[in-house]
Amino acid sequence: MLYLIVAIILLIVLSPVAYILYAEHMDRQNDRAEELRFRAMNPAERQEALEAARRDLVQAHRYLDRMYRLWRGYKWGYRHNPYFGRYAVAGREHSRAHARVKRFERIVAESTAS
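What you see is a predicted model; the values in this text were computed from it and never measured. All residue numbers here refer to positions counted from 1 along the written sequence of the relevant chain. For this predicted model, a pLDDT threshold of at least 70 governs which residues receive local features, and a threshold of 80 or more governs which side-chain atom pairs are given and counted, while totals over whole chains, interfaces and linings are taken from all residues. Excluded from the side-chain calculations are hydrogens and water; all other atoms, namely the structure's heavy atoms, are used.

Participant: How would you sum up the nonpolar core? Please name residues and give values.
Facilitator: Among buried residues, those of type Ala, Val, Leu, Ile, Met, Phe, Trp, Tyr and Cys that are joined through side-chain atoms within 4.5 Å constitute a nonpolar core. Only protein chains enter the area calculation, which uses a 1.4 Å probe; residues under 20% of their type maximum are buried, those over 50% are exposed, and those in between are partly exposed. Grouped together as the largest cluster of nonpolar side chains are 11 residues: F38, A49, L50, A53, L57, A60, A97, V101, F104, I107 and V108. At the level of elements, α2 (43-73) and α3 (84-113) are the ones that each hand at least two residues to this core. By definition in these notes, contact holds between two residues if any of their heavy atoms fall within 4.5 Å. What L57 contacts, discounting residues up to four positions off in sequence, is H94, A97, H98 and V101. For the purposes of this entry, the term helix denotes a DSSP run of H or I that reaches at least four residues, the term strand denotes a run of E that reaches at least two, and both are numbered from the N terminus.

So, in structure tokens, the structure goes:
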């Protein structure tokens with residue numbers, strides 16, 4: 001009976017951890033595939049994709065700024081703030097868009113240097 005209780009507790013604790021690790025693995029795999037697609041483009045397409053990534057970064061930054069203002073403007077404290085989850089997601093999307101632009105700029109710089 002004790003082993004069953006321990007197994008259930010471990011399952012409850014390890015399931016979210018496993019999901020987070022799997023999600024990070026899939027993000028890395030998708031980033032690698034996107035990088036390979038970007039490397040396969042010709043220079044004009046690369047420039048267009050880089051400009052599109054920069055536009056996405058600007059849009060993500062605006063959304064992050066808007067969510068920050070909503071999050072900070074909520075007057076009943078952080079525990080009951082309905083914007084906390086949106087602000088966290090906006091921060092993650094902004095950091096992913098920033099990393100995407102940096103990765104694309106690095107690839108463009110490598111291709112022009114060689």
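Participant: Describe the pattern of salt bridges, and please don't skip the residues or the numbers.
Facilitator: In what follows, salt bridge is the name for a side-chain nitrogen of Lys or Arg lying within 4 Å of a carboxyl oxygen of Asp or Glu. A complete count under the given rule lists 14 salt bridges for this structure. Across the salt bridge formed by R103 and E34, the nearest N and O atoms sit 3.1 Å from each other. One end of the pair, R103, is in helix α3; the other, E34, is in helix α1 (residues 2-40), with 69 residues separating them in the sequence. Taking the relative accessible area as the measure of exposure, E34 reaches 17% and is therefore buried. Between E105 and R54 there is a salt bridge, with the nearest N and O atoms lying 2.9 Å from each other. Taken together, the residues E105 in helix α3 and R54 in helix α2 connect sequence positions 51 residues apart. Accessibility expressed as a relative area gives 27% for E105, which makes it partly exposed. When salt bridges that share partners are traced, they join D27, D31, E34, D56, R92, R96, R100 and R103 into one network.

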